[in-house]
Every structure is written in C-alpha cells, then in structure tokens.
Amino acid sequence: MSGNMNLTLKVWRQKDANSSGKMVTYKAENISPDMSFLEMLDVVNESLTKKGEEPIHFDHDCREGICGMCSLYINGRPHGPKRAITTCQLHMRSFHDGETIIIEPWRAAAFPVIKDLAVDRSAFDRIQQAGGYVSVNTGGVPDANVIPIPKVIADEAFNSATCIGCGACVAACKNASAMLFTSAKISQLGMLPQGQPERWSRVQAMVAQMDAEGFGSCTNTGACEAECPKEITLTNISRMNNDFFSAKLFREQAIEHDGGGAA
C-alpha cells in the first residue's frame, strides 16, 4: 500500500462506569499505513486537542507487545484483525483507505469502564495475589541450575508465563470467562519444583478469586485461545481443572487446616 489514508472511526465514548456511553464518529485523515494503531489514535487525539475537544482515552504503555496494557476491541475482535499480536503491534496497513473502523473497550462486568476505551483490569491483579507466589526460603540462595527440570516441563511453564494479562481472552469469550488467564498463571508456577508447596492451595484460591470477581464460566468454545496475542493454549485450562478437582477431592482438609485455599 502506498500513500496515506483517510479513515472513519466510530469510537465508544463513556465518562465513567456509571454513565451511559455512545458511539461517536471521527475522521482520521492523512494516516500513514506504517503507523501503529495507537499512533493513529495519537494523531486523532492531537487533532481533537487542537480543536479544544476532549481526547479519546485508551490504555497504553510499552507499545512493544509486552506490557498487556493496550486493550481495544477493533471491528469485532480483540486487538484487531491480525492473530497473535497486540493492538500496539497492529499497523494501519492492515486497513484500507476509506474504511470505517469500530473501536470499543473490553466488554465484561469484571472490567468496568474507567473512561472511554480504558477499563479497570485490577480483577486480574487480585486473582494473581490470591495464589501467584512461591514459598520464600530465608536461608542461602541455591543455584537455579541445581534443580533439574525436564526441558518439556520448563518449556511448557515458560509458554504459560508469556501471558501478559491483557484480557483479550475475557473480551473474546461470550461468557467473559477468565479461565485462560487464570490457568496460565497457575501453570506458570505449578509445573515447576519451586511452585509445589502451594500447588494445591494456589489453584483453589485463584479459582475462588476468579469466581468472586464475577467472570463467567468456560464453555470450551476456544475463542480465548484464538484471540490470545501470546497464543496461550487451552491445555492450561485442562491442567487447572485437573489440579482443582484433585485438590478439592483429596487435599482440601489439609489446605483448610493450613489456612490456605478456598473453602
């Protein structure tokens, strides 16, 4: 594609979680196809500011596909039309001159709107805080290499750890389920030797917190995996369910006695 583009944007504007929102139409003019999607919004916001209008609020930080902050629902898909990328990695050459682009925030009761396209994803933080930790050995620090870990296990744990917590899985799911996110964080620690002491309490505590936050149930449609920018797999959900049922059936009493986990 050569030359710059003129686009029509239909953007969700909402003052806060308690206010009614609406779609507002804007023109994005003279947009380079080499711009990222967020850079395009920067150009639009600069134009709005010069006109004395309030800019569009949206989440962003590193703009390198690492932090998980960018969270836009673009033309009916989390992070837009491309697979395995975040919104900040989406470039305008993925669209066509004269195209209309619809931009919305994540839609989930557990992700209340802060303003416009920015949502509160602190529910994810609370899920991790419920059990996303390992025991601290206050003695000498052992060399990590002295603990033998099979490569297949190390690779799987690392793959789970690549989850950036953007919330695309929740946005893609018709039930607004957080099962993929929660299971990835559980697998990240539960597969390694260092994560074994809290393995059974961790899965119960994090699942309980996930439910308490108001996320929906998983119905195995696979939309979360399909839209995840880091390609986290449904295998994590199966692993979490296996650990959860095992903990509930065989280890719940010990967990309750130790003060951990979910009753």
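Anything mentioned here points back to the structure above.
Figured I'd write up the structure that's included with this text. (Residues numbered from 1 in each chain as written. Predicted model: local features only at pLDDT ≥ 70, side-chain atom pairs only at ≥ 80, totals over all residues. Heavy atoms only, no water.)

**Description of the packing of aromatic side chains**
Tallied over the full model, the rule gives 6 aromatic pairs. Measuring from ring centre to ring centre gives 5.8 Å for Phe124 and Phe215, while their planes differ by 35 degrees; the resulting arrangement is tilted. In this pair, Phe124 sits in helix H2 (residues 122–131) while Phe215 sits in the loop between helix H6 (199–212) and helix H7 (223–227), placing the two residues 91 residues apart along the sequence. We classify Phe124 as buried; its relative accessible area is 2%. When its relative accessible area of 7% is taken as the criterion, Phe215 is described as buried. When the centroid spacing of 6.0 Å and the interplanar angle of 65 degrees are considered together, the rings of Phe244 and Phe245 count as edge-to-face. Put simply, the rings of Phe111, Phe124, Phe181 and Phe215 pair up and form one aromatic cluster. (Phe/Tyr/Trp six-rings, centres within 6.5 Å; stacked < 30°, edge-to-face > 60°. Helix = DSSP H or I, 4+ residues; strand = E, 2+ residues; numbered from the N terminus. Buried < 20%, exposed > 50% of the residue type's maximum accessible area, 1.4 Å probe, protein only.)

**A closer look at the pattern of salt bridges**
Taken as a whole, this structure holds 13 salt bridges when the rule is applied. Linking Asp59 and Arg121 is a salt bridge whose minimum nitrogen-to-oxygen distance equals 3.3 Å. In this pair, Asp59 is assigned in the loop between helix H1 (37–50) and strand S3 (73–74) and Arg121 in the loop between strand S7 (118–119) and H2, connecting sequence segments 62 residues apart. Of the charged contacts in the structure, one is a salt bridge between Arg107 and Glu104, with a shortest N-O distance of 3.5 Å. (Salt bridge = Lys/Arg side-chain N within 4 Å of Asp/Glu carboxyl O.)

**Side note on the nonpolar core**
Residues Phe111, Phe124, Val170 and Phe215 are the most contacted members of the largest nonpolar core, which totals 37 residues. Look past the residues within four positions of Val170 in its chain and what remains in contact with it is Ala108, Phe111, Phe124, Ala176, Ser177, Ala178 and Phe215. Leu38, Leu41, Met92 and Leu117 belong to the second-largest nonpolar core, a separate cluster that totals 29 residues. (Core = buried A, V, L, I, M, F, W, Y, C linked by side-chain atoms within 4.5 Å. Contact = heavy atoms within 4.5 Å.)

Function-wise, these values are silent; they only describe arrangement.
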